[in-house]
Amino acid sequence: MKEMEGVLYQTNAPTGVDPDNIYFVQVDPNKCEACGTCEEVCGTGAIQSINDEGIHAVVNPAACMNCGQCLVNCPYGAIYEGVSYVDQIFEKLKDPNTVVVSMPAPAVRYGLGECFGYPTGTYVGGKMHAALKKLGFDLIYDNEWTADVTIMEEGTELVQRVKEQGKPKARPLPQFTSCCPGWVKFVETFYPDLIPNLSSCKSPIGMLGPLAKTYGSHESHVPAKKMYTVSIMPCIAKKYEGMRPELADSGYHDIDATIDTRELAYMIKKAGIDFKSLPDVKPDRELGESTGGATIFGCSGGVMEAALRLGYEVLSGEKLKDPYIKAVRASSGVKAASVPIPNFGEIQVCVVSGLANTIPILEQVRQGNSPYAFIEVMTCPGGCVNGGGQPLDPDLRASLFKNVMARVNRRYRMRQTV
Amino acid sequence: MRNIIKMTRRGFIRAAGLACGYAVLSVNMTKEAMAAALAFVEQRQKHVYDADRNNKLYEYKKSQDNPMITALYDKQDGFLHEGPCGHMSHRLLHTDYIDRSARVKALKAKGYKLAL
Ligand code: SF4
Ligand code: SF4
């Protein structure tokens, strides 16, 4: 076990293992104080009391979506991560025959700074790329670039689906986003009948892996077999996604390792890099340049907004003058909106975060009376900026007593309303 | 009495916690804690939307305006020259999903209670 930014990690780097059998998060029974916070935040019930004392555990990986919300909300720090590639990455960075590729997600740059004393949410994108270079990453790609690619693919798919309605073999509406691996596993596990509604698009990192080893290999003149691609995420579920055996479309496994924001902060500190004094560095342009539409992927509603910035122009044939579509921004929970598009009509959309919130919406889809054309779902409340791999909220454990009491009180009131 | 003596440390925290939760804590305090957690997320979100608005950080706002996206899909010599959802896209960027319901069904059959 290794402690990184206040969270314990098992330091194994599994390869060729079926991710369905891995506990990406688990409870240390010696630290669990039976407060039940984890159970409260879990959308599936995977984490539950296993004995009379109320000690909690993830009962089976099949029921766990690997989101890590239980971990970041545990006031006792009793929950640890089961997988860490950090040691392996340090080895690869030293190996002169390996070309190490960095692929950080949008939300990482709004969390990483907190580990170096910046205020909550501070954008540190330029310093993040500089730190990756300093660590020895050879190719500085950016998952924000593939967020833009995702919009092109997923937006095009949505327009196709809208146009094919009523025709034979039409793919169903609403289309669901497929960026969030917790959500994708949730559909596969609890709503397999709705798999046809999931966009066939891989997530941005699911796209950057194979593009790095094909297009990136061509652009950089580095043979794909020398590449070691590192997915850097605000997320624990992305570790599961990176290990999916089917993600091998480049002819190699597309994503070689996945770490989260906390682990990146640990690596930067371990290497003795003075983060605050770093210059701002841009990623390699071809697989790195990105737009505002890409960076908002980190917020609940961001994928929807970025997709509408494309969909509006494709469906209306007109330029969208004001790209900021605030009607679909959602700090938490569920937000439905009707967006007027000239020469087309109103498009009904819905943005959801928190898996428990999806259930009524999915039941509507099952019954065939969902009013929506497009539904965005993020597992973590508020989106990836609040992901299970992000730095912990410093207040969470500092105000332990107050927090636990507040939560107990809330649970009590929830029970009263049932 | 015997019950109290037998009570474990964790059981005690739980019982005491519940008692305080019912009796002592004001509703305001609960609201404060919840607001604090939300404010934390909203703060990160605010910085994201600020960056989106910042033309120095993000010159372009729409994915289709990104010059490196136009280059990728360029009809002449782009790597994905057939455009979005073309053959190459389908080979590299799209996927199929797997029905994973069997294992949770088996868990439930064993008596595990899940949220759904
Ligand atoms: S990681 Fe997510 S799905 Fe798994 S037990 Fe924790 S909260 Fe539940
Ligand atoms: S919302 Fe983001 S951080 Fe949370 S599980 Fe989904 S992809 Fe990961």
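Starting from 1, residues in each chain are numbered consecutively following that chain's sequence as written. Chains carry letters from A onward and ligands carry numbers from 1 onward, assigned in written order. Side-chain atom pairs in this predicted model are given and counted only at pLDDT of 80 or more, local residue features only at pLDDT of at least 70, and totals for whole chains, interfaces and linings cover all residues. As a rule here, side-chain values come from all non-hydrogen atoms in the structure, and water together with hydrogens is ignored.

## Comments concerning unusual backbone geometry
Omega for the peptide link from Leu 173 of chain A to Pro 174 of chain A comes to -5°, which places this bond in the cis form. Helix and strand definitions here come from DSSP, where helices need a minimum of 4 consecutive H or I residues and strands a minimum of 2 consecutive E residues; each element is numbered from the N-terminal end. Among the structural elements, Pro 174 of chain A can be located in the loop between helix H5 (143–164) and strand S9 (175–176). A positive phi is found at Asn 66 of chain A, a non-glycine position, where the angle reads about 70°. Among the secondary structure elements, Asn 66 of chain A is positioned in the loop between strand S5 (56–58) and helix H2 (69–73). We note that Cys 85 of chain B has phi near 65°; this positive angle belongs to a residue other than glycine.

## Observations regarding the site of ligand 2
Note on terminology: near, applied to a residue and a molecule or strand, indicates that one of the residue's heavy atoms is within 4 Å of it. With respect to spatial proximity, the complete set of residues near ligand 2 consists of Cys 180, Pro 181, Pro 234, Cys 235, Met 378, Thr 379, Cys 380, Cys 384 and Gly 387 of chain A. Lys, Arg, Asp and Glu make up the charged group, whereas Ala, Val, Leu, Ile, Met, Phe, Trp, Tyr, Cys and Pro make up the nonpolar group; the residues left over, Gly among them, are polar. Partitioning the shell around ligand 2 into residue classes produces seven nonpolar, two polar and no charged.

## Points about the site of ligand 1
With respect to spatial proximity, the complete set of residues near ligand 1 consists of Val 25, Cys 42, Ala 46, Ile 47, Val 58, Cys 64, Met 65, Asn 66, Cys 67, Gly 68 and Cys 70 of chain A. Looking at the shell around ligand 1, its residues break down into nine nonpolar, two polar and no charged.

## Structural notes on the packing of aromatic side chains
When the centres of two rings from Phe, Tyr and Trp lie within 6.5 Å, Trp using its six-membered ring, the rings pair. Their planes under 30 degrees apart give stacked, over 60 give edge-to-face, and anything left gives tilted. Tallied over the full model, the rule gives 11 aromatic pairs over all chains. A centroid spacing of 6.5 Å and a plane angle of 80° characterise the contact between Tyr 123 of chain A and Tyr 58 of chain B, whose relative ring orientation is edge-to-face. One end of the pair, Tyr 123 of chain A, is in the loop between strand S7 (99–104) and helix H4 (125–135); the other, Tyr 58 of chain B, is in the loop between helix H3 (27–53) and helix H4 (67–72), on a second chain. Only protein chains enter the calculation, and the probe is 1.4 Å; a residue is then buried if its accessible area is under 20% of its type maximum, exposed if over 50%, and partly exposed in between. Among the residues examined, Tyr 123 of chain A registers a relative accessible area of 26% and is labelled partly exposed.

## Quick notes on the sheet that holds strand S11 (residues 257–260) of chain A
Residue and element names in this part refer to chain A. In this description, strands pair whenever DSSP reports at least two bridges between them. The strand order across the open sheet formed by four strands is S8-S7-S10-S11, and the pairing between neighbours is parallel. Two strands in the sheet have a free side with no partner beyond their single neighbour: strand S8 (139–140) and S11. Across six bridges, the pairing between S7 and strand S10 (residues 227–233) is parallel. Within S10, the residue paired with Val 99 across the bridge is Met 227. The strands touched by helix H7 (residues 204–220) within the sheet are S7, S8 and S10, with S10 carrying the most contacts at an inclination of about 145°. It only takes one pair of heavy atoms within 4.5 Å for two residues to be counted as in contact. Here, axes are lines fitted to C-alpha atoms. For helices the fit covers the stretch in contact, and angles between N-to-C directions go from 0 to 180 degrees.

## With respect to the interface of chain B and chain A
On the chain A side, the residues contacting the 68 residues of chain B number 109 residues. Summed over both partners, the accessible surface that disappears when two parts come together, traced with a 1.4 Å probe, is what is meant by buried area. Summing both partners gives a buried area of about 8000 Å² for chain B against chain A, and 60% of it is carried by carbon and sulfur. Salt bridges, as used here, are contacts in which a Lys or Arg side-chain nitrogen is within 4 Å of a carboxyl oxygen on Asp or Glu. Here chain B and chain A share five salt bridges between them. A salt bridge links Arg 309 of chain A to Asp 52 of chain B, with the shortest nitrogen-to-oxygen separation between them at 2.8 Å. Secondary-structure elements contributing two or more residues to the side of chain B that touches chain A are helix H2 (9–23), H3, H4, helix H5 (87–92) and helix H6 (101–109) of chain B. Ranked by residue count, the leading element in the side of chain B that touches chain A is H3 of chain B, at 18 residues. Grouping the constituent residues of the side of chain B that touches chain A by class yields 36 nonpolar, 16 polar and 16 charged.

## Details of the domain arrangement of chain A
All names here are of chain A. Split by domain assignment, chain A resolves into domain 1 (2–83), domain 2 (86–145 + 203–291) and domain 3 (155–200 + 294–386). Where each domain starts and ends comes from a domain assignment, either automatic or drawn from a database. Between the C-alpha centres of domain 1 and domain 2 the distance comes to 25 Å. Contact with domain 1, which involves 23 residues of that partner, is made by 17 residues of domain 2. Summed over both partners, the interface of domain 1 with domain 2 comes to about 1700 Å²; 61% of that surface belongs to carbon and sulfur atoms. It is Met 4, Glu 5 and Pro 19 that lose the most area in domain 1 upon contact with domain 2, and together they represent 32% of the buried surface on that side. Put simply, Glu 81 and Arg 262 hold a salt bridge, and the shortest N to O gap is 2.7 Å. Here a polar contact means two N or O atoms within 3.5 Å. Within protein one must be a hydrogen donor candidate and the other an acceptor candidate, and residues neighboring in sequence count only if both atoms are side-chain atoms. Taken together, domain 1 and domain 2 are joined by 10 residue pairs in polar contact (both at pLDDT 80 or more). Secondary-structure elements contributing two or more residues to the side of domain 1 that touches domain 2 are strand S1 (2–4), strand S2 (7–9) and H2.

## Comments concerning the environment of Gly 354 of chain A
All names here are of chain A. Position of Gly 354 among the secondary structure elements: in the loop between strand S13 (345–353) and helix H12 (358–366). For the pair Gly 354 and Val 41, spaced 313 residues apart in sequence, the C-alpha to C-alpha distance is 8.6 Å. Once residues within four sequence positions are removed from consideration, Gly 354 is found in contact with Met 378, Thr 379, Cys 380 and Pro 381.

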